[in-house]
Structure formats: C-alpha cells, structure tokens
Amino acid sequence: QVQLVESGGGLVQAGGSLRLSCAASVRTFSHYAMAWFRQAPGQERELVSAINWSGGRTYYADSVKGRFTISRDNAKNTVYLQMNGLKPEDTAVYYCAATYASGLITKAGEYDYWGQGTQVTVSS
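Residues numbered from 1 in each chain as written. Predicted model: local features only at pLDDT ≥ 70, side-chain atom pairs only at ≥ 80, totals over all residues. Heavy atoms only, no water.

A. Quick peek at the environment of glutamine 1. Note that glutamine 1 resides in the segment before strand 1 (3-7). The exposed category is assigned to glutamine 1, whose relative accessible area is 80%. Along the backbone, glutamine 1 and valine 26 are 25 residues apart, and their C-alpha atoms lie at a distance of 7.7 Å. Every residue in contact with glutamine 1, bar those within four places of it in the chain, is listed here: Ser25 and Tyr113. (Helix = DSSP H or I, 4+ residues; strand = E, 2+ residues; numbered from the N terminus. Buried < 20%, exposed > 50% of the residue type's maximum accessible area, 1.4 Å probe, protein only. Contact = heavy atoms within 4.5 Å.)

B. Structural view of the state of the cysteines. A full pass over the atoms with the stated rule returns one disulfide. Across a sulfur-sulfur distance of 2.1 Å, cysteine 22 and cysteine 96 are joined as a disulfide pair. Classification of the bridge connecting cysteine 22 and cysteine 96 rests on its S-S torsion, roughly -80°, and on that basis the disulfide is left-handed. Of this pair, cysteine 22 sits in strand 3 (residues 18-25) while cysteine 96 sits in strand 9 (residues 92-100), and the two are 74 residues apart along the sequence. Judged by its relative accessible area of 0%, cysteine 96 is buried. (Disulfide = S-S within 2.5 Å.)

C. Examining the side chain of serine 21 more closely. For serine 21, the position within the fold is in strand 3. Excluding residues that lie within four positions of it along the chain, serine 21 makes contacts with Val5, Glu6, Ser7, Trp36, Thr78, Val79 and Tyr80.

D. Representation of the environment of asparagine 74 in the model. Following the sequence through the fold, asparagine 74 ends up in the loop between strand 7 (68-73) and strand 8 (78-83). The spatial distance from the C-alpha of asparagine 74 to the C-alpha of tyrosine 32 is 9.8 Å, given a sequence separation of 42 residues. Setting aside residues up to four positions removed in sequence, asparagine 74 forms contacts with Phe29, Ser30 and Trp53.

Everything listed is a geometric property; what it means functionally is a separate question.
See the structure below:
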C-alpha cells in the first residue's frame, strides 16, 4: 500500500507561483511512475504532468507547458510540481498519483494510488 500526501496548495494571485509536493510512504519509490492531475469544479479530472521513475522522461499538458515543471527526489520519496505564471484557469484541486511502473504513464486509469488532493486557487 502506498500513501501519498500532497502539500503546497493555497491562494495566489494571477502570475504568481506555487510549488506542490507529494510525499510517498513507500520503500521503493524509485520504482514508481508519478503524476499530477487536477480537477476543477464541474469538470473531469485531467492530467497535468507525469514523470517516469528516474525523472528522465516527463509529460506536460499543453495548457501548462512552459509554466509548470515536474521533478522528483527519489532519496526523499517526493515528487514536486513547480507552477509559475499561474492563471485563474489553473484553479483546481491537484492530486498526486503513483503506479508501479518504470515508464511514463499518462492515463488516469493506470494509476493505482492517489493522494487526497490540495486546493490551488488563482485570483485574477
């Protein structure tokens, strides 16, 4: 069983920055592909960014390319999402997800473990 705990959400003005963290309680964190999803009110959950086990491969949704950066520290069992140039449309609950895989996983259905989510609100 893998437990994921997100932190770093909050209220920020448009153009500001936040860094989300997701700490995983698992001994073999480096064996897991990780991702950040988000869900805005009334909308479906969508993939924001994903990273493979080593951090050597990443994926970004078109809406966040050039603004968000995903990274991981396998020694700390933590994945990060640096969010710069935030826009009101980035407002959502952000979820961390994990699955036992070495590749880059971009489908929500392939993730086995999910965090509780952290709220990000961007004011205009």
